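Chain residues, written in single-letter form:
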Amino acid sequence: MDKEFDTVLETLAGLVETLHEHGVLDKSHFAHAFARALDTLAPEHRGGMIEHVLQNLRDRCMNLPPRGASDARQWLNEILRGTTSP
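Since the model is a prediction, treat every value here as computed from it, not as a measurement.

The next thing to look at is the overall build of the chain. In terms of helices and strands, the chain carries four helices and zero strands. Ordered by position from the N terminus, the helices and strands of the chain form the series α-α-α-α. Taken across its 86 residues, the chain has 30% of its residues classed as buried. Sequence separation of 24 or more characterises 49% of the internal contacts of the chain that already satisfy a separation of 6 or more. Only carbon and sulfur atoms are counted for the fraction: they give 60% of the accessible area of the chain, which is about 5,700 Å².

On to the packing of aromatic side chains, then. Any aromatic ring pair is given by two values, namely how distant the centres are and how the planes are angled relative to each other. Applying the stated criterion across every chain yields a total of one aromatic pair. With 6.1 Å between their ring centres and 55° between their planes, F30 and F34 make a pair best called tilted. With F30 and F34 both in helix α2 (residues 27-39), this residue pair falls four residues apart, about one helical turn. By relative accessible area, F30 is classed as partly exposed at 31%.

What follows deals with helix α3 (residues 49-61). With 13 residues, α3 should cover 18 Å at 1.5 Å per step; its first-to-last C-alpha distance of 18 Å lies within 8% of that length. Taken together, the buried positions of α3 are occupied by E51, H52, V53, L54, Q55, N56, L57, D59 and C61. N63 sits one or two positions beyond α3 and adopts a positive phi of about 60°.

Along the chain, K27 turns up in helix α2. Residues in contact with K27, not counting those within four places in the same chain, are V16, E17, H20, R60, C61 and N63.

Turning next to the environment of R36. Note on placement: R36 falls in helix α2. Given a relative accessible area of 52%, R36 falls into the exposed group. For R36 and R58, which are 22 residues apart along the polypeptide, the C-alpha to C-alpha distance reads 9.8 Å.

One can describe the packing of α2 onto α3 by two numbers: an axis separation of 8 Å at closest approach and a directional angle of 155°. What the angle tells us is that α2 and α3 run roughly antiparallel. Helix-helix and strand crossings are classified by hand; for α2 and α3 the assignment is left-handed. Only E51, L54, Q55, L57, R58, R60 and C61 of α3 make contact with α2, whose side of the interface consists of K27, F30, A31, F34, A35, A37 and L38. Grouping the amino acids of the contact of α2 with α3 by side-chain chemistry returns nine nonpolar, one polar and four charged.

Rules behind the numbers
Residues numbered from 1 in each chain as written. Predicted model: local features only at pLDDT ≥ 70, side-chain atom pairs only at ≥ 80, totals over all residues. Heavy atoms only, no water. Helix = DSSP H or I, 4+ residues; strand = E, 2+ residues; numbered from the N terminus. Buried < 20%, exposed > 50% of the residue type's maximum accessible area, 1.4 Å probe, protein only. Contact = heavy atoms within 4.5 Å. Areas by Shrake-Rupley, 256 points an atom, 1.4 Å probe, with all protein chains shown as cover. Phe/Tyr/Trp six-rings, centres within 6.5 Å; stacked < 30°, edge-to-face > 60°. Expected span 1.5 Å × (residues − 1). Axes fitted to C-alpha atoms, helices over the stretch in contact; angles between N-to-C directions. Parallel < 35°, antiparallel > 145°, perpendicular 65-115°, else oblique. Left-handed = near helix turned anticlockwise from the far one by under 90°. Nonpolar A, V, L, I, M, F, W, Y, C, P; charged D, E, K, R; others polar.

Laid out in structure tokens, this is it:
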């Protein structure tokens, strides 16, 4: 499951990057969209997978350096270890 999740996340980020490189879209618009989605995220989704994936995608669209394991990966690892609440 870990490899499959990483593959989906990498594919989505790669798609945004490729479309940006070909001038189809400006990835900064995606970064702002992910940030707006984070700002309006319902309280029950805070601290969960949705928030972590949005943060990861926002950061990648902003070309921020990696912070070690992605937030989404860290959250998934905590779930698998049973150390976080859903």
